[in-house]
Amino acid sequence: MKQVRIGRSTLKGSRLAFGCWRIAGTWEGRKVTAKAREAGLKAILTAHEAGYTLFDHADIYCEGVSEELFGLALKQSKALKKSAVIATKCGIRIPVGNEPYRYDFSADYIIQSCEKSLQRMDVDCVDIYQLHRPDWLMDPDEVAKAFTTLKKAGKVRHFGVSNFRPSQVSLLQSALKDPLLVNQVELSLLQLTPFEDGTLDQCQEHKITPMAWSPLAGGFLGNGKSAVLPSQEKYKPTKIRRRLDAMARELGASRAAVALAWLMRHPSGIIPIVGSTKSERIRELAGADELQLTHEQWYTLLTSALKEDLP
Ligand SMILES: NC(=O)c1ccc[n+]([C@@H]2O[C@H](COP(=O)([O-])OP(=O)(O)OC[C@H]3O[C@@H](n4cnc5c(N)ncnc54)[C@H](OP(=O)(O)O)[C@@H]3O)[C@@H](O)[C@H]2O)c1
């Protein structure tokens, strides 16, 4: 797979990232069986063999089990350890007792969360540390303090954000010395908001790499959804799937690969995060970067995805 520069840095990662959210087959750590751990480990190693070098995590994925499995995979494969570009996230607090579900960008919480992720993966440093969802009480100076502490301690190489609106990116960036490398947002033919709200414009202008989560809308643009977020339940894929199928036949590719190629055609350099747990799909989608859609093909899919005709 091609390697690309990430954000304004010399760091390079695979053209498609591999996402570790679903690898343990459940969201709850205590429900992970030995068989599921084995399957998760296999998914990571398959992704590595298929050429993915950029791996996306979060502290909350399967309540830490996804990061633990990645740590095991790093022990099993020296080649993975050498090539892996590790991205993980913090900032969402899973409630204990009567606590509310909340986001927390306090310096102590960011630093502690990072140290726990390092322990789970048994690594000294992560390549990209991302803030998962904007904390409504974000104080950019406090975040900057946490970032400086982590960087000085050699625990993080670069920082990024996720699900930030352009104004929130600008606000945080104004307090930071180093450029934010990525903004990870939901982006697919069934979720076009980042094209319309300035997110991709900002990424292009400031060379922030947009990473697309749920690039197949949780499976709607592949062979069907498995578990999706509540906000994705309402997606109506019939029309766009028909159009993707026709183009897939034309190009001799799969519907899912065409949906990913559509994202990669955008000049902002979108990196789709592949979320499949199935070996054949992980391997097949690694080839999506070979597909080059024409301007006309790109608009054919866009106009099928839009709710209204272009003016
Ligand atoms: N920053 C955030 O807030 C955020 C939120 C959500 C996700 N993420 C990141 O984004 C990654 C990807 O998200 P996602 O898992 O929702 O991505 P996705 O690619 O949209 O969906 C993957 C799901 O689609 C299913 N699927 C059905 N047909 C498929 C096909 N032909 N090819 C591939 N998958 C197919 C997969 O099932 P099988 O496993 O059976 O193939 C899997 O359950 C996550 O792993 C995580 O790293 C970030």
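Structure: above.
Sequence order sets the numbering: in each chain, residues are counted from 1 along the sequence as written. Only residues with pLDDT of at least 70 are given local features in this predicted model, and only at 80 or more are side-chain atom pairs given and counted; all residues enter the totals for whole chains, interfaces and linings. Side-chain figures throughout are based on the complete set of non-hydrogen atoms in the structure, without hydrogens or water.

Draft legend 1. Highlighting the nonpolar core. In plain words, nonpolar cores are sets of buried Ala, Val, Leu, Ile, Met, Phe, Trp, Tyr and Cys residues tied together by side-chain atoms within 4.5 Å. Exposure classes here rest on a 1.4 Å probe applied to the protein chains alone. A residue is buried below 20% of its type maximum, exposed above 50%, and partly exposed in between. Core analysis: the largest hydrophobic core is formed by 90 residues, its most contacted members being F18, Y52, F55, I110 and L131. At nine residues, helix α10 (residues 255-264) tops the list of elements feeding residues into this core. Contacts were defined at the residue level, with two residues in contact if any of their heavy atoms lie within 4.5 Å. Among all residues touching L131, those that are not within four sequence positions of it are C90, F105, I110, V143, F147, G160, V161, S162, F164 and L172. Among the nonpolar cores identified, the runner-up in size contains 13 residues, and L54, A87, V182 and I271 belong to it. Per the convention used, a helix needs a DSSP run of H or I reaching at least four residues, while a strand needs a run of E reaching at least two, with both numbered from the N terminus.

Draft legend 2. Focus on the packing of helix α1 (residues 34-49) against helix α2 (residues 65-76). Comment: axis = line fitted to C-alpha atoms, over the contacting stretch for helices; angle = value between 0 and 180 degrees taken between N-to-C directions. Where α1 contacts α2, the two axes come as close as 9 Å, and the packing angle between them is 60°. Regarding the angle of α1 to α2, the classification is oblique. Remark: the crossing between α1 and α2 carries right-handed chirality. Across the interface between the two elements, R37, G40, L41, I44 and L45 of α1 pack against V65, E68, L69, F70, L72, A73 and Q76 of α2. Just so you know the grouping, Ala, Val, Leu, Ile, Met, Phe, Trp, Tyr, Cys and Pro go in nonpolar, Asp, Glu, Lys and Arg go in charged, and all remaining residues, Gly too, go in polar. Looking at the contact of α1 with α2 residue by residue, the class counts come to eight nonpolar, two polar and two charged. Put simply, angles under 35 degrees are roughly parallel, angles over 145 are roughly antiparallel, angles from 65 to 115 are roughly perpendicular, and the rest are oblique. A clockwise turn of the near helix away from the far one marks a right-handed crossing, whereas an anticlockwise turn of less than a right angle marks a left-handed crossing.

Draft legend 3. Seen up close, a positive patch on the surface. A surface patch of like charges, here positive, comprises R5, R8, K12 and K207. You can see R5 is positioned in strand β1 (residues 3-5). With a relative accessible area of 52%, R5 lands in the exposed category. Candidates for patches are residues over 30% relative accessible area with no salt bridge; among them, like charges are joined within 9 Å and nonpolar side chains (Val, Leu, Ile, Met, Phe, Trp, Tyr) within 5 Å. Computed by Shrake-Rupley with a 1.4 Å probe, the accessible areas treat only the displayed protein chains as cover when residues are assessed. We count a salt bridge whenever a side-chain nitrogen from Lys or Arg sits within 4 Å of a carboxyl oxygen from Asp or Glu. Counted as positive: Lys and Arg. Counted as negative: Asp and Glu, with His and the chain ends omitted from the count. Where a charge lies is defined by one atom per residue type: Lys uses NZ, Arg uses CZ, Asp uses CG and Glu uses CD.

Draft legend 4. Looking closely at unusual backbone geometry. The residue C62 is not glycine, and still its phi comes out positive at about 50°. By the secondary structure assignment, C62 is in the loop between β4 (54-56) and α2. Despite not being glycine, N163 has its phi angle at roughly 60°, a positive value. Take N163: it is sitting in the loop between β9 (156-162) and α6 (166-173). Judged by relative accessible area, which is 18%, N163 ranks as buried.

Draft legend 5. Highlighting the sheet that holds strand β12 (residues 271-274). A strand pair is defined by DSSP finding two or more bridges across the two strands. Taken in spatial order, the eight strands close into a barrel running β3-β4-β5-β8-β9-β10-β11-β12, and their pairing is parallel. Pairwise comparison of adjacent strand axes, ignoring direction, gives a mean angle of 30° for this sheet. Along the sheet face, helix α5 (residues 140-152) touches β8 (126-131) and β9 and points at about 150° away from the line of β9.

Draft legend 6. Molecular detail of the site of the ligand. With respect to spatial proximity, 31 residues lie near the ligand, and among them R22, S226, S276, T277 and K278 are the closest. Separating an oxygen atom of the ligand from a backbone N or O atom of G218 is a distance of 2.7 Å. Calculation on the ligand without its partners gives an accessible area of 910 Å², and the protein chains cover 96% of this total. Class assignment for the residues of the shell around the ligand results in ten nonpolar, 15 polar and six charged. When at least one non-hydrogen atom of a residue lies within 4 Å of a molecule or strand, that residue is treated as near it. Counted as a polar contact is a pair of N or O atoms within 3.5 Å, where, for protein atoms, one must be capable of donating a hydrogen and the other of accepting one, and residues adjacent in sequence contribute only when both atoms are in side chains.

Draft legend 7. Up close: the packing of aromatic side chains. Whether two aromatic rings pair depends on their centres lying within 6.5 Å, for rings of Phe, Tyr and Trp, where Trp uses its six-membered ring; planes under 30 degrees apart make the pair stacked, over 60 edge-to-face, and the rest tilted. Counted under the stated rule, the structure contains 13 aromatic pairs. Considering the side-chain rings of W21 and W27, the 4.7 Å spacing of their centres and the 5° angle between planes classify their relative orientation as stacked. An aromatic cluster of at least three residues, connected via ring pairs, comprises F18, Y52, F55 and F70.

Draft legend 8. Up close: the pattern of salt bridges. Summed over all chains, the structure comprises 13 salt bridges. R93 is the partner of D104 in a salt bridge, and the nearest nitrogen-oxygen pair spans 2.7 Å. In this pair, D104 is assigned in the loop between β7 (102-103) and α4 (107-121) and R93 in strand β6 (residues 92-93), connecting sequence segments eleven residues apart. A relative accessible area of 22% means that R93 is categorised as partly exposed. Of the charged contacts, one joins R157 and D127 as a salt bridge, the two residues approaching to 2.7 Å between their closest N and O atoms.

Draft legend 9. Broad picture of helix α9 (residues 238-251). Every helix has an expected span of 1.5 Å times one less than the residues it contains. Between its first and last C-alpha, α9 extends 20 Å over 14 residues, near the 20 Å set by a 1.5 Å rise per residue. Within the sequence span of α9, burial applies to I240, L244, M247 and A248. Burial along α9 is one-sided: seen end-on, the buried residues are contained in an arc of 105°. The exposed set on the far side of α9, more than 90 degrees from its buried face, consists of T238, R242, R249 and E250. Of the surrounding secondary structure, the elements contacted by the buried residues of α9 are α10 and α12 (295-305). An arc is given here, and it is the one of the directions from the helix axis to the C-beta atoms.

Draft legend 10. Quick peek at the pairing of β12. Residues I271 and I273 line one face of β12 and the alternating positions P272 and V274 line the opposite face, and both faces are buried. Taken together, the two bridges between strand β3 (residues 17-19) and β12 define a ladder with parallel strand orientation. Directly across from A17, in β12, lies its bridge partner I273. With two bridges joining them, strand β11 (residues 209-213) and β12 adopt parallel strand pairing. From the neighbouring strand, M211 faces β12, where its bridge partner is I271.

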